[in-house]
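# Descriptive structure summary
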Amino acid sequence: MSGMQNGTTNGCKAVERKLNQFGDFEDVTNMSVNDWDYRWSLGQTKFHMPKVHPLLDEGHEVIGNEFVDSACRQFFEEHNIPYTSTPLTGIEGVLYQATDGTPIKLYRCDCFDLSSKLCGQFDCMWDRGGFVALPVKDRTRYARVMADLMKKDGRYLLDCFLVDNSVFGGTFNL
Ligand SMILES: C[S@@+](CC[C@H](N)C(=O)[O-])C[C@H]1O[C@@H](n2cnc3c(N)ncnc32)[C@H](O)[C@@H]1O
């Protein structure tokens, strides 16, 4: 949802404010992981897809990353996949793993703490809504982390969008 709010109060023109993607007026141009945690606590997750994971359906092993703990647990619970949780070694976070043979696990940690040393290297990486959720200043740092995680002949799909941020209040345009 996006929109503009105009108006006058006591003859003064009100400052134009853009609705953000969550339907309110908070500044979402520099969201921290704690801000995302807050949005998850409000259930503001309209980016959700109902499927477990398209790549899993294709027979691939899937390894995901998400900072918010409740989001990871919700994922397994919504899809009735039993799981274990193990604290990660060396960084703050948890590894969630399916225990029914579904080849999926989630690293519950800040993506900037991911490394090939921690989770190996990947044939293929798909970012949907991750890059655009990070503060713009962290993009180069993010690219370095992704390069470290990808095999030399790996493929990377960045699923993102071009929007006019003078109209839409977030997340961040490319
Ligand atoms: C727009 S949502 C997209 C979620 C998911 N990739 C999808 O396609 O449904 C962005 C997600 O990035 C997570 N996030 C934001 N900053 C992060 C970080 N530094 N490390 C890991 N996850 C982060 C948020 O908690 C949020 O769930």
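Residues numbered from 1 in each chain as written. Predicted model: local features only at pLDDT ≥ 70, side-chain atom pairs only at ≥ 80, totals over all residues.

As annotated in an unreviewed UniProt entry, the protein chain carries the name TPMT-like protein and is attributed to Mya arenaria.

When helices and strands are counted, the protein chain shows 5 helices and 10 strands. Each of the 174 residues in the protein chain was classed as buried or not, and the buried ones make up 11%. (Helix = DSSP H or I, 4+ residues; strand = E, 2+ residues; numbered from the N terminus. Buried ≥ 20, exposed ≤ 12 C-beta atoms within 10 Å, placed from the backbone.)

With that settled, consider the site of the ligand. The immediate surroundings of the ligand are formed by 18 residues, with Trp36, Phe67, Cys111, Gly129 and Ala133 found nearest. Where the shell around the ligand is concerned, the elements lending two or more residues are α1 (33–41) and β5 (62–66). By residue class, the composition of the shell around the ligand is 11 nonpolar, 4 polar and 3 charged. (Near = placed C-beta within 6 Å. Nonpolar A, V, L, I, M, F, W, Y, C, P; charged D, E, K, R; others polar.)

One open sheet holds the 4 strands; their spatial order is β5-β8-β7-β6, and the pairing between them is mixed. The sheet is open, and its two borders are formed by β5 and β6 (83–87), each paired with just one other strand. In this sheet, adjacent strand axes meet at a mean angle of 20° when their direction is disregarded. With 5 bridges joining them, β5 and strand β8 (residues 104–108) adopt parallel strand pairing. Bridge assignment links Glu66 to a residue of β8, and that residue is Arg108. (Pairing = 2+ DSSP bridges. Axes fitted to C-alpha atoms, helices over the stretch in contact; angles between N-to-C directions.)

The topology assignment puts Ala133 in the loop between β9 (122–128) and α5 (139–149). For Ala133, a count of 19 C-beta atoms within 10 Å corresponds to the partly exposed category.

With that settled, consider the nonpolar core. By size, the foremost hydrophobic cluster in this structure holds 11 residues: Phe67, Cys72, Phe76, Leu95, Tyr96, Leu106, Tyr107, Cys109, Cys111, Leu114 and Leu149. Setting aside its immediate chain neighbours within four residues, Cys109 contacts Asn65, Phe67, Leu88, Ile91, Glu92, Gly93 and Leu114. (Core = buried A, V, L, I, M, F, W, Y, C linked by C-beta atoms within 7 Å. Contact = placed C-beta atoms within 7 Å.)

Within the chain, Asn80 stands out as a residue other than glycine whose phi angle is a positive 50°. For Asn80, the location among the structural elements is in the loop between α3 (69–78) and β6. A count of 8 C-beta atoms within 10 Å places Asn80 in the exposed class.

As for its placement among the helices and strands, His79 is situated in the loop between α3 and β6. Judged by C-beta crowding, with 14 C-beta atoms within 10 Å, His79 ranks as partly exposed. The spacing of His79 and Val52 is 27 residues in sequence and 6.8 Å in space, taken between C-alpha atoms.

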